[in-house]
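Observations on the model geometry
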Amino acid sequence: DGRYIVSGSADRTLRVWDAQTGVEIGMFDDIHDTVWHCASYDHKVVTCTGDVLKLWDLDTLDGVEPNSSWLASQAKDAR
C-alpha cells in the first residue's frame, strides 16, 4: 500500500520506515545473519539471510509462521 519502506542490512537488522516522512518506525533485530534480500506485501515482509527465509509482520514487528492459505494467496497474487 506504499506506507512503508523496508531495508535489510549486514548489521543483521531489518528496518521499517514511514514512506511519507522517512522516519524509522521499527526494527527487527532477531535476525542471525546478513539480510541479503527483503520484500514486502500485505503488511508482511519476507527476508532472506543466507539459506533462511523468514516472514515478519509489519503491524506487530514480530516474526510469524506463515500458514498455507496465506502462502497460496501470495503465490496467486504474484502471477
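Going by the structure above, here's the rest.
What counts and how
- For every chain, the first residue of its written sequence is number 1, and the numbers climb from 1 along that sequence.
- Only residues with pLDDT of at least 70 get local features here, since the model is predicted, and only at 80 or more are side-chain atom pairs given and counted; chain-wide, interface and lining totals rely on the full set of residues.
- Hydrogens and water molecules were not included; the side-chain quantities draw on all heavy atoms of the structure.
- In this scheme, strands are said to pair when DSSP sees at least two bridges between them.
- Helical segments are the DSSP runs of H or I of at least four residues, strand segments are the runs of E of at least two, and each set is numbered from the N terminus.
- Axis angles are defined between N-to-C directions and span 0 to 180 degrees, where every axis is a line fitted to C-alpha atoms and, for a helix, only to the segment in contact.
- Whether two residues are in contact is decided by their heavy atoms, any of which lying within 4.5 Å being enough.
- Any N or O atom pair separated by 3.5 Å or less is treated as a polar contact, with the protein-specific requirement of one donor-capable and one acceptor-capable atom, and with residues adjacent in sequence counted only for side-chain atom pairs.

1. Points about the sheet that holds strand β5 (residues 44-49)
In spatial order, the strands read β4-β5-β6-β7; together these four strands make up an open sheet with antiparallel pairing. Since the sheet does not close on itself, it has two edges, and those belong to β4 (37-41) and β7 (62-64), each with one partner. In this sheet, neighbouring strand axes are inclined to one another by 35 degrees on average, regardless of whether the strands run parallel or antiparallel. Two elements, β5 and strand β6 (residues 52-57), share six bridges in a ladder whose sense is antiparallel. Bridge pairing links V46 to L55 in β6.

2. Regarding the environment of R15
Following the sequence through the fold, R15 ends up in strand β2 (residues 14-18). In this structure the C-alpha to C-alpha distance between R15 and I5, which are 10 residues apart in sequence, comes to 8.3 Å. In contact with R15, other than residues within four places in its own chain, are I5, V6, S7, E24, G26 and M27. Within the local environment of R15, its side chain forms a polar contact with the side chain of E24, the two groups lying 3.2 Å apart.

Honestly, it's all geometry; don't read function into it.
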